[in-house]
Amino acid sequence: MAIPTMYWENGTLYLLDQTLLPGRSEYVACRGYRDVIRAIRTMKVRGAPAIGVAAAYGLALAAREAAQVPDPWDRLRAAAEELKNARPTAVNLAWAVDRLMEKAAVRGAQGVDVAALLLEEARTLQAEDEAANRRLGAYGRDLLPHGARVITHCNAGALATAGYGTALGVIRAAREAGNPLRVYATETRPLLQGARLTCWELMQEDIPVTLITDSTAGFLMARGMADLVLVGADRIAANGDVANKIGTYALAVLAREHGLPFYVAAPVSTVDLATPSGAEIPIEERAPEEVTHVAGTRTAPEGVGVWNPAFDVTPARLVTAIVTDRGVVRPPYGETLPRVAGPREAPP
Ligand code: MRU
């Protein structure tokens, strides 16, 4: 994709404002770590790996601010906690912040300039994420039959990552290998990441995409019009349960009913071996206005009660395979996931 999700220039992080897409491509400038937190909370930047990388840059901004106060480490640690709490479900956020904080602690004790170190680490994380997605795409592309008709949900593309994408990375890799596949993108209520972002992203590269409402997926499968479901993930528990955008679970149940494979694509930074099962994954609940309004216009009666979980959990038994940047993992996930997601990388 030609337009980057984020870039760093002259001490400022620029985030592509995904709330404005597809109408406008504008960047929001983050000059302090609280700007990054605001952008994550309001989903100007969204998608598990992308918020991890944005938070890493946010920590670099926080270190620059902390250097001005008498107790820089206390300030940096507090900022790290704030960044980690910006959104609770995607583990990539906490993973990225923890990884940088560990490096800062080790290298900072050696007298290294922490703000410069964290900026360098954020850049490394960004490059690593795109490289991981390209590897993941290469591992996953052969799962898609020639001419496959693929249902995807939300946006697990370049926009949701540092580049290339996870579920859309597999689709890109298959297309690059000459597979004339086609995509069905669900709208993904309430914020329409499928309609607004996935369709936009795929159309930029002439990958054939058809938009369906979320509630059309079952009928599409019943008509024999789809071959598989392929989605991203925000957190994968040690037993293979998958948290992803609300509506993913319903697609997995439908896929099972119709005998279709249900694939999840995610880098190992999304695998959380410290969380035993989906029951322990914190599920973010967001503002009622996201449901009562569409594009700022009220569509539900004033005062109606709303439940708006942003994610759901798909049990491992419904997941055919998980495509990671270290290979394709199949059940029993309790045994196979630790082999690829092993102990976290230790800081130097
Ligand atoms: O609420 P969002 O838009 O951040 O949710 C994003 C998703 O659920 C994606 O599918 C997931 O983060 C995978 S991104 C590669």
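Thresholds applied
Residues numbered from 1 in each chain as written. Predicted model: local features only at pLDDT ≥ 70, side-chain atom pairs only at ≥ 80, totals over all residues. Heavy atoms only, no water. Helix = DSSP H or I, 4+ residues; strand = E, 2+ residues; numbered from the N terminus. Rg over C-alpha atoms; globule rule 2.2 N^0.38 Å. Buried < 20%, exposed > 50% of the residue type's maximum accessible area, 1.4 Å probe, protein only. Contact = heavy atoms within 4.5 Å. Near = heavy atom within 4 Å. Polar contact = N/O pair within 3.5 Å; in protein donor to acceptor, adjacent residues only side chain to side chain. Areas by Shrake-Rupley, 256 points an atom, 1.4 Å probe, with all protein chains shown as cover. Nonpolar A, V, L, I, M, F, W, Y, C, P; charged D, E, K, R; others polar. Domains from an automatic or database assignment. Buried area = accessible area lost by both parts, 1.4 Å probe. Salt bridge = Lys/Arg side-chain N within 4 Å of Asp/Glu carboxyl O. Core = buried A, V, L, I, M, F, W, Y, C linked by side-chain atoms within 4.5 Å. Pairing = 2+ DSSP bridges. Axes fitted to C-alpha atoms, helices over the stretch in contact; angles between N-to-C directions. Lys, Arg positive; Asp, Glu negative; His and termini not counted.

Peer 1: Which parts of the structure should I look at to understand the overall build of the chain?
Peer 2: Along its length, the chain carries eleven helices and 16 strands. Its C-alpha atoms give the chain a radius of gyration of 20 Å, near enough to 20 Å, the size a compact globule of 348 residues would have. Within the chain, the fraction of its 348 residues that count as buried is 56%. At a minimum sequence separation of 6, the contacts of the chain that also span at least 24 residues come to 75%.

Peer 1: Would you mind going over the site of the ligand with me for this structure?
Peer 2: Close to the ligand lie 19 residues; R87, Q193, D234, N244 and K245 are nearest. Here an oxygen atom of the ligand sits 2.9 Å away from a polar atom, N or O, in the side chain of R46. Protein burial of the ligand: of its 410 Å² of free accessible surface, 99% is covered by the chains. Those elements giving two or more residues to the shell around the ligand turn out to be α2 (48-66) and β9 (242-245). Split by residue class, the shell around the ligand holds eight nonpolar, seven polar and four charged. Counting contributing residues, the shell around the ligand receives three or more from each of domain 1 (6-134) and domain 2 (141-341).

Peer 1: Would you explain the domain arrangement of the chain in this entry?
Peer 2: Where interface size is given, it is often the accessible area lost as the parts come together that is meant. Segmentation of the chain into domains returns domain 1 (6-134) and domain 2 (141-341). Spacing between the C-alpha centres of domain 1 and domain 2 amounts to 25 Å. Overall, the association of domain 1 and domain 2 removes approximately 2,500 Å² of surface from exposure, summing both partners, and the carbon and sulfur fraction of that is 56%. If you sort the residues of domain 1 by the area they bury against domain 2, R46, T89 and N133 come out on top, with a joint share of 24%. Between domain 1 and domain 2 we count one salt bridge in total. Between E284 and R87 there is a salt bridge, and its shortest N-O distance comes to 2.8 Å. Mapped onto the side of domain 1 that touches domain 2, the elements with two or more residues apiece are α2, α4 (91-109) and α5 (114-140). With six residues, the single largest contributor to the side of domain 1 that touches domain 2 is α5. Of the residues that constitute the side of domain 1 that touches domain 2, the class distribution is 13 nonpolar, nine polar and six charged.

Peer 1: When you look at the nonpolar core in this model, what are you seeing that I'm missing?
Peer 2: Buried together is how nonpolar side chains tend to be arranged in soluble globular proteins. Formed by 45 residues in total, the largest nonpolar core has its most connected members in M6, V45, L59, L76 and L118. Of all the elements in the fold, those that place two or more residues in this core are β1 (6-9), β2 (12-16), α1 (33-41), α2, α3 (72-84), α4 and α5. Not counting residues up to four positions away in its chain, the partners in contact with M6 are L13, Y14, L15, V45, A50, V53, A54, Y57 and Q126. Within the second largest apolar cluster, 30 residues are counted, among which are A226, A233, I322 and Y333.

Peer 1: Mind showing me how you'd approach the pattern of salt bridges here?
Peer 2: Side-chain pairing between opposite charges can occur once the charged atoms of the two side chains come close. By the definition in use, this model includes 20 salt bridges. E128 is the partner of R99 in a salt bridge, and the nearest nitrogen-oxygen pair spans 2.9 Å. Here the residue R99 occupies a position in helix α4, and E128 occupies one in helix α5, the gap between them amounting to 29 residues. Overall, R99 belongs to the buried group, its relative accessible area being 10%. Of the charged contacts, one joins D272 and R235 as a salt bridge, the two residues approaching to 2.8 Å between their closest N and O atoms. Of this pair, D272 sits in strand β11 (residues 271-272) while R235 sits in strand β8 (residues 235-237), and the two are 37 residues apart along the sequence. The class for R235 is buried, based on a relative accessible area of 10%. Overlapping salt bridges bring together R87, E284, R286 and E290 as one network.

Peer 1: What am I meant to see in the sheet that holds strand β5 (residues 182-186) here?
Peer 2: Strands sit in the order β6-β5-β4-β7-β10-β15-β16 across an open sheet of seven strands; the sheet is mixed. At either end of the open sheet lies a strand with only one pairing partner, and these are β6 (209-212) and β16 (327-329). The average undirected angle you get between the axes of adjacent strands in this sheet is 25°. When strand β7 (residues 228-231) meets strand β10 (residues 262-265), the two strands line up parallel, connected through three bridges. Looking at the pairing, L230 lines up with Y263 of β10. Against the sheet, helix α9 (residues 248-257) contacts β4 (149-152), β5, β7 and β10, and its axis sits at roughly 145° relative to β10.

Peer 1: Honestly, the side chain of D312 in this entry has me stumped. Any pointers?
Peer 2: With respect to the secondary-structure elements, D312 resides in strand β14 (residues 311-314). Of the buried charged residues, D312 lacks a salt bridge, with K245 as the closest side chain of opposite charge at 9.4 Å. Within the local environment of D312, its side chain forms a polar contact with the backbone nitrogen of G247, the two atoms lying 2.7 Å apart. Within the structure, the side chain of D312 is placed 3.1 Å from the backbone nitrogen of Y249, a separation counted as a polar contact. In contact with D312, other than residues within four places in its own chain, are V242, A243, N244, K245, I246, G247, T248, Y249 and A250.

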